[in-house]
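The primary structure of each chain is shown beneath.
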Amino acid sequence: MKNNKTYITPILIVLLCIFLSSCLKKDLPEYPLFDGNSISVVNAEHRFKSRIKKINGEPIIIMKGLNVSSQIDDATSTINLTVTVPAAETGDNADFNAEEKALVKQSALWFYYTISTAATMTALEGTDKPGDPSDATKPLKYRVTAANGATRDWTVNVVTFNK
């Protein structure tokens, strides 16, 4: 009787897999792929090691958002940014104090973007890839590829950097 149980369990598992996978329906409608390849929002931040907050004795990384206003020229695929560093915090528990604010450089900012649904973004012409610190003293160039394969090259310029 024990030998029968060892064969029944694998057989039941195989049958369950077959029956559960047959829930998919045939002839589902084909929807067109997304064709958007735009950048709609640009944000920037300064990242640094906390002087105060630690985990297991190691400082955590603070991400201080910068104030960004953008002018998007859809016709030329150009985005001009004004980036302003916020005021320094004061007090004993201030991580982003005047000393840290002085270290914010246009040549080492982290940018993040909102792009079209299902699109991908790649860096062009020596621009750092999204997610890495970027040198915004020069134009940042990206290619946004829509889900349907249509591409569009964008240029992001920091025209004003206010500390």
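Look a little higher up for the structure.
Small disclaimer: the values here were computed from a predicted structure and weren't measured. (Residues numbered from 1 in each chain as written. Predicted model: local features only at pLDDT ≥ 70, side-chain atom pairs only at ≥ 80, totals over all residues. Heavy atoms only, no water.)

## Examining the pairing of strand E8 (residues 151-162)
Next up, step 1: By the bridge criterion, seven bridges tie strand E3 (residues 78-84) to E8 in an arrangement that is parallel. Within the sheet, the bridge partner assigned to Thr 84 lies in E8 and is Asn 162.
Next up, step 2: Here six bridges tie strand E7 (residues 140-145) to E8, and the two strands are oriented antiparallel to one another. Of the residues in E8, the one forming a bridge with Thr 145 is Thr 151.
Next up, step 3: Where E7 folds back onto E8 in an antiparallel hairpin, the turn is made up of five residues, including Gly 149, whose phi is positive at roughly 100°. (Pairing = 2+ DSSP bridges. Helix = DSSP H or I, 4+ residues; strand = E, 2+ residues; numbered from the N terminus.)

## Quick word on the pattern of salt bridges
Next up, step 1: Counted according to the given criterion, the structure contains seven salt bridges.
Next up, step 2: In this structure, Arg 47 and Glu 45 form a salt bridge, with 2.7 Å as the shortest nitrogen-oxygen distance.
Next up, step 3: Judged by its relative accessible area of 30%, Arg 47 falls in the partly exposed class.
Next up, step 4: Overlapping salt bridges, with partners in common, bring together Arg 51, Glu 99 and Glu 100 in one network. (Salt bridge = Lys/Arg side-chain N within 4 Å of Asp/Glu carboxyl O. Buried < 20%, exposed > 50% of the residue type's maximum accessible area, 1.4 Å probe, protein only.)

## Notes on a nonpolar patch on the surface
Next up, step 1: A cluster of nonpolar side chains, namely Tyr 7, Ile 8, Ile 11, Leu 12, Val 14, Leu 15 and Ile 18, defines an oily patch on the protein surface of about 690 Å² accessible area.
Next up, step 2: Along the polypeptide, Leu 15 turns up in helix H1 (residues 2-21). (Patch = residues over 30% accessible without salt bridge, like charges linked within 9 Å, V, L, I, M, F, W, Y side chains within 5 Å. Areas by Shrake-Rupley, 256 points an atom, 1.4 Å probe, with all protein chains shown as cover.)

## Considerations on the side chain of Lys 101
Next up, step 1: Structurally, Lys 101 is set in helix H2 (residues 98-102).
Next up, step 2: From its side chain, Lys 101 meets the backbone oxygen of Lys 163 in a polar contact 3.0 Å long.
Next up, step 3: Beyond its immediate sequence surroundings of up to four residues, Lys 101 is in contact with Val 85, Pro 86, Ala 87, Ala 88, Phe 96 and Lys 163. (Polar contact = N/O pair within 3.5 Å; in protein donor to acceptor, adjacent residues only side chain to side chain. Contact = heavy atoms within 4.5 Å.)

## What to know about the environment of Trp 154
Next up, step 1: Inspection of the secondary structure assignment puts Trp 154 in strand E8.
Next up, step 2: Placed 117 residues apart in sequence, Trp 154 and Asn 37 show a C-alpha to C-alpha distance of 9.7 Å.
Next up, step 3: Only 3.1 Å separates the side chain of Trp 154 from the backbone oxygen of Asn 37, close enough to count as a polar contact.

## Some words on the nonpolar core
Next up, step 1: The biggest cluster of nonpolar side chains holds 24 residues, and the ones touching the most others in it are Ile 39, Val 42, Ile 79, Leu 81, Phe 111, Tyr 113 and Val 156.
Next up, step 2: Broken down by secondary-structure element, the contributors of at least two residues to this core are strand E1 (39-55), strand E2 (58-73), E3, strand E4 (109-115), E7 and E8.
Next up, step 3: With four residues, E1 is the single largest residue contributor to this core.
Next up, step 4: Setting aside residues up to four positions removed in sequence, Ile 79 forms contacts with Ile 39, Val 42, Ser 70, Gln 71, Ile 72, Trp 154, Thr 155, Val 156 and Asn 157. (Core = buried A, V, L, I, M, F, W, Y, C linked by side-chain atoms within 4.5 Å.)

## Structural notes on the pairing of E4
Next up, step 1: Sheet topology places E1 next to E4; six bridges connect them, and they run antiparallel. Bridging across to E4, Ile 39 finds its partner in Ile 115.
Next up, step 2: Summarising the sheet, E4 and strand E6 (residues 133-134) pair through two bridges and their orientation is antiparallel. Directly across from Leu 109, in E6, lies its bridge partner Ser 134.

## Regarding the packing of aromatic side chains
Next up, step 1: Going through the model one piece at a time under the given rule, you end up with three aromatic pairs.
Next up, step 2: Centroid distance Phe 48 to Phe 96: 6.1 Å. Interplanar angle 45°. Geometry classified as tilted. Taken as a pair, Phe 48 in strand E1 and Phe 96 in the loop between E3 and H2 lie far apart in primary sequence, 48 residues in all.
Next up, step 3: Take Phe 48: its relative accessible area is 6%, and that puts it in the buried class.
Next up, step 4: On the basis of relative accessibility, which here comes to 1%, the residue Phe 96 falls in the buried class.
Next up, step 5: Where Phe 111 meets Tyr 113, the ring centres are 6.5 Å apart and the plane angle is 25°; that geometry is what we call stacked. Across the pair, exposure class does not vary: Phe 111 and Tyr 113 are buried alike.
Next up, step 6: Chaining the aromatic ring pairs together yields one cluster made of Phe 111, Tyr 113 and Tyr 142. (Phe/Tyr/Trp six-rings, centres within 6.5 Å; stacked < 30°, edge-to-face > 60°.)

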